[in-house]
Amino acid sequence: MTSIVVLNNKGGVGKTTSVVNIAGALAQKNKKTLLVDLDPAASASVHLGLDKNTGDFKTLCDFILEGADDVHPFIRETAFKHLHCLPSEPALSDFYDEMVHEQEDRFFFERGHLPERYDYILFDSPPNMGSLAFNALALADYVLIPVQTQFLALNGLQLTLKTVDKVRRHLNPDLKILGIFGTQYDRRTRVARDVLEHLRQQHGKLMMKTVIGVNSKLTEAYNAQKPIVFKTPAARGAREYAALTQEIQSRIKKDKRT
Ligand SMILES: Nc1ncnc2c1ncn2[C@@H]1O[C@H](COP(=O)(O)OP(=O)(O)OP(=O)(O)O)[C@@H](O)[C@H]1O
Ligand SMILES: [Mg+2]
């Protein structure tokens, strides 16, 4: 089992779009995949068809509130084979505040909570780091960082790298950066080309070769509550996320060999 936190302290950079579509691509390759939604906004859960406004199911919030030892009863199957989700809900936000202010050092997940029967466990994180996100970073094998190819994105990346550094020093020395990749790339704009070039110069091998372009089919797939590889497999966005997923798998394989 390999665990990956998709992380960027900046909002709206494509964390949720990426985590759902990578999870979809892995499941399509028959990899048993669990997506854990750490964001009270619950966008990843909704993207996978798990919307608390229209469905009655337990969430990560219930797992924490009940102080359960076993995470399995809180995991939901999705409409997609091999793809399961530990969903979130807005109520998690009260809890986030409570944890940050009153129980800062209390972690709810332990390594033993992560079900070994999955090939991959992916975490979607909220833009503002709360203790749940730190908790996931403390247990995870890898961090994957999407960066919007826009001017101010580089500040968000610096902040994210600092967070990873802090986690390595205090919580999880084995945490590795799996890669950084550009998202919402519009090759027609100068700024996007410059930001990508800058990222490649600064971060060299950490940069993934695949870049995710702007593609409205990704938003359409979100609205349809499906990963794009299932909604419109021929779309450019689907092909790019499939290529990114292939790169992720190759990097992990290579890393585990060394
Ligand atoms: N490659 C893309 N092309 C077009 N639209 C995109 C692309 N990636 C993401 N979007 C859109 O941009 C918006 C923000 O994306 P997303 O929700 O994935 O970001 P996020 O980092 O998870 O945001 P938050 O920090 O709020 O959780 C969404 O409306 C999404 O549909
Ligand atoms: Mg999100």
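Description of the structure in this document.

**Here we look at the nonpolar core**
Side chains that are nonpolar tend, in soluble globular proteins, to be buried together. Counting residues in each nonpolar core, the largest one holds 44 residues, and the members touching the most others are Val-36, Leu-38, Leu-60, Leu-86, Phe-109, Phe-123 and Ile-145. Counting residues per element, the ones that place at least two in this core are β2 (33-37), α3 (60-65), β5 (120-124), α5 (131-139), β6 (142-148), α6 (153-170), β7 (176-183) and α7 (190-203). Top element by residues in this core is α6. It accounts for six residues. Residues contacting Phe-109, with those up to four places away along its chain left out, are Val-36, Leu-38, Leu-60, Phe-63, Val-71, Leu-86, Phe-123, Leu-132, Asn-135 and Leu-139. Residues Leu-48, Tyr-120, Leu-144 and Ile-252 belong to the second largest nonpolar core, which totals 35 residues.

**Let's talk about the site of ligand 1**
Taken together, the neighbourhood of ligand 1 is formed by 16 residues, with Lys-15, Thr-16, Thr-17, Gly-213 and Asn-215 sitting nearest. In this structure, Asn-215 approaches ligand 1 through a main-chain N or O atom, which is 2.9 Å from a nitrogen atom. With the chains in place, 75% of the 620 Å² that ligand 1 exposes on its own is no longer accessible. Where the shell around ligand 1 is concerned, the elements lending two or more residues are α1 (15-28) and α8 (216-223). Looking at the shell around ligand 1, the element that brings in the most residues is α1, giving three residues. Its residues assigned to classes, the shell around ligand 1 shows five nonpolar, nine polar and two charged.

**Considering the environment of Lys-231**
For Lys-231, the position within the fold is in helix α9 (residues 228-231). C-alpha of Lys-231 to C-alpha of Ala-221: the two residues are ten residues apart in sequence and 6.0 Å apart in space. Ignoring sequence-local partners within four residues, the contact set of Lys-231 consists of Glu-220, Ala-221, Ala-224 and Lys-226.

**A short note on the pattern of salt bridges**
The full count for this structure, using the stated rule, is seven salt bridges. For Lys-217, the salt bridge is made with Glu-220, and the minimal N-O distance between the two is 3.7 Å. Note that Lys-217 and Glu-220 are positioned in helix α8 at a spacing of three residues, about one turn of the helix. Given the relative accessible area of 34%, Lys-217 is considered partly exposed. Assessed through its relative accessible area of 36%, Glu-220 is described here as partly exposed. Among the ionic pairs, Glu-240 bridges to Arg-236, the shortest N-O distance being 3.2 Å. One end of the pair, Glu-240, and the other, Arg-236, are both in helix α10 (residues 236-257), four residues apart, so they sit about a helical turn from each other. Classification of Arg-236 as partly exposed rests on a relative accessible area of 34%.

Calculation notes
- Throughout this description, residue numbers start from 1 for each chain and increase along the sequence as written.
- Think of it this way: whatever chain is written first is A, whatever ligand is written first is 1, and the rest follow in order.
- The model is predicted, so local features are restricted to residues of pLDDT at least 70 and side-chain atom pairs to those at 80 or more, both for listing and for counting; the totals for chains, interfaces and linings are taken over all residues.
- Side-chain numbers here rest on the full set of heavy atoms in the structure, without hydrogens or water.
- Definition of nonpolar core: a set of buried residues of the types Ala, Val, Leu, Ile, Met, Phe, Trp, Tyr and Cys, connected through side-chain atoms within 4.5 Å.
- Per-residue accessibility, obtained with a 1.4 Å probe over protein chains only, is compared with the maximum for each type, and a residue is labelled buried under 20%, exposed over 50%, and partly exposed between these values.
- Counting from the N terminus, the helices are DSSP H or I runs at least four residues long and the strands are E runs at least two residues long.
- Contact between two residues is taken to exist if any of their heavy atoms lie within 4.5 Å; hydrogens are not considered.
- Whether a residue is near a molecule or strand is decided by its heavy atoms; if any one of them lies within 4 Å of it, the residue is near.
- Here a polar contact is recorded for every N or O atom pair within 3.5 Å, except that within protein the pair must consist of a potential hydrogen donor and a potential acceptor, and residues adjacent in sequence are included only if both atoms are side-chain atoms.
- Working definition of accessibility: Shrake-Rupley area with a 1.4 Å probe, residue cover restricted to the visible protein chains.
- Charged means Asp, Glu, Lys or Arg here, nonpolar means Ala, Val, Leu, Ile, Met, Phe, Trp, Tyr, Cys or Pro, and polar covers whatever is left, Gly included.
- Every case where a carboxyl oxygen of Asp or Glu lies within 4 Å of a side-chain nitrogen of Lys or Arg is listed as a salt bridge.

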